[in-house]
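Chain residues, written in single-letter form:
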Amino acid sequence: MELHPLSDPVGDPFFDVLRRRHRDVDVVLLPPVGPPGGGDPVSDEVVASTLLRVEAVARGLWSMVAPDSDDRPQSRCTYGAGPESVNATARLVTRRDDGFHVVVALRAELESDGWAVTRPDGPVERLVAYLDDLTLTASYAEGSGTLLVDLAAESLPVGQDRARALTRPPATPQAGGR
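Now for a quick tour of the structure. What you are looking at is a predicted structure, and each value in this text was computed from that prediction instead of being measured.

Brief notes about the overall build of the chain
Counting secondary structure elements, the chain contains four helices and seven strands. Counted from the first residue to the last, the chain has its helices and strands arranged as α-α-β-β-α-β-β-β-β-β-α. Buried positions account for 30% of the 178 residues belonging to the chain. Within the chain, residue pairs in contact and separated by at least 24 positions form 52% of the contacts whose partners lie at least 6 positions apart. Split by element, the accessible area of the chain, about 11,800 Å² in all, is 54% carbon and sulfur.

Pasting the structure below:
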């Protein structure tokens, strides 16, 4: 740790002025934190297996709380904690009249499976749950009948070019066969 005399600039215009104007305040500047997920890139097999695991957990939970539903969570990679990482995610968005009861059933199922579950306050029914490297969020807006369930694994470092390729939406065939 470096200690600078009050007369020395610290290299940041805001904090330089603060130190000059308020000599009675001790200013502590911490070094910048490096970008998250800065580890060695993981292999394609690790990304694929994480995506399959997230998809299996999401489908399993959904089949337990809404066995009569034709909807299925959709899995894909999204950007993670930084531009060089991805998250394996599964998402389900649907409209249901019984969405409140589905969220309550989901909470009970998660708690019985050992997830740490919280219910944040707010205008819509929500829950957030954690288990190992997985985070699940669910919300139900009664007015619109919209139920949203997201499941994500922790960020996986893959490198910027690979992250861009993995998060690109799948190509859709164009009309006319081109």
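Some remarks on the pairing of strand β1 (residues 74-79)
Relative to strand β2 (residues 85-95), β1 is paired through six bridges, and the arrangement is antiparallel. The partner of Ser75 across the bridge, within β2, is Ala90. Between β1 and β2, which follow one another and run antiparallel, lie five residues.

Some thoughts on the side chain of Thr50
Structurally, Thr50 is set in helix α2 (residues 44-65). Looking at Thr50, the relative accessible area reads 7%, which means it is buried. Engagement of the side chain of Thr50 in a polar contact is seen with the backbone oxygen of Val46, the distance being 2.8 Å. When residues no more than four places from it in sequence are discounted, the contact partners of Thr50 are Ala88, Ala153 and Leu156.

What about the packing of α2 against helix α3 (residues 99-112)?
Taken N-terminus to C-terminus, the directions of α2 and α3 make an angle of 120°; their axes are 9 Å apart at the nearest point. Considering their axes alone, α2 and α3 lie oblique with respect to each other. The two elements α2 and α3 cross, and the hand of that crossing is right-handed. Contact with α2, carried on its side by Leu61, Trp62, Met64 and Val65, involves Val102, Ala105, Leu106, Glu109 and Leu110 of α3 and no other residues of that element. Residue composition of the contact of α2 with α3, grouped by class: eight nonpolar, no polar and one charged.

Re the pattern of salt bridges
Tallying each qualifying case throughout the model produces nine salt bridges. For Asp150, the salt bridge is made with Arg91, and the minimal N-O distance between the two is 2.7 Å. Separated by 59 residues along the polypeptide, Asp150 in strand β6 (residues 146-153) and Arg91 in strand β2 bring together distant segments of the chain. Glu125 is the salt-bridge partner of Arg119, the closest N and O atoms lying 2.8 Å from each other. Among the residues examined, Arg119 registers a relative accessible area of 40% and is labelled partly exposed.

Regarding the nonpolar core
The biggest cluster of nonpolar side chains holds 33 residues, and the ones touching the most others in it are Leu106, Leu110, Trp115 and Leu136. Put simply, the parts of the chain that give this core at least two residues each are α2, β2, α3, β4 (125-131), β5 (134-141), β6 and α4 (160-167). Those residues in contact with Trp115 that lie beyond four places of it in its chain are Val57, Leu61, Leu110, Ala129, Tyr130, Leu131, Leu134, Leu136 and Leu151.

Brief notes about α3
In this model α3 runs 20 Å from its N-terminal to its C-terminal C-alpha over 14 residues, within 8% of the 20 Å that 1.5 Å per residue would give. Along α3, the residues classified as buried are Gly99, Val102, Val103, Leu106, Glu109 and Leu110. All buried residues of α3 fall inside an arc of 125° around its axis, so they share one side. Turned more than 90 degrees off the buried face of α3, the exposed positions are His101 and Ser112. Here the buried face of α3 lies against α2, β3 (116-118), β4, β5 and β6.

Cut-offs and rules
- Residues numbered from 1 in each chain as written.
- Predicted model: local features only at pLDDT ≥ 70, side-chain atom pairs only at ≥ 80, totals over all residues.
- Heavy atoms only, no water.
- Helix = DSSP H or I, 4+ residues; strand = E, 2+ residues; numbered from the N terminus.
- Buried < 20%, exposed > 50% of the residue type's maximum accessible area, 1.4 Å probe, protein only.
- Contact = heavy atoms within 4.5 Å.
- Areas by Shrake-Rupley, 256 points an atom, 1.4 Å probe, with all protein chains shown as cover.
- Pairing = 2+ DSSP bridges.
- Polar contact = N/O pair within 3.5 Å; in protein donor to acceptor, adjacent residues only side chain to side chain.
- Axes fitted to C-alpha atoms, helices over the stretch in contact; angles between N-to-C directions.
- Parallel < 35°, antiparallel > 145°, perpendicular 65-115°, else oblique.
- Left-handed = near helix turned anticlockwise from the far one by under 90°.
- Nonpolar A, V, L, I, M, F, W, Y, C, P; charged D, E, K, R; others polar.
- Salt bridge = Lys/Arg side-chain N within 4 Å of Asp/Glu carboxyl O.
- Core = buried A, V, L, I, M, F, W, Y, C linked by side-chain atoms within 4.5 Å.
- Expected span 1.5 Å × (residues − 1).
- Arc of directions from axis to C-beta.

By themselves these figures say nothing about function.
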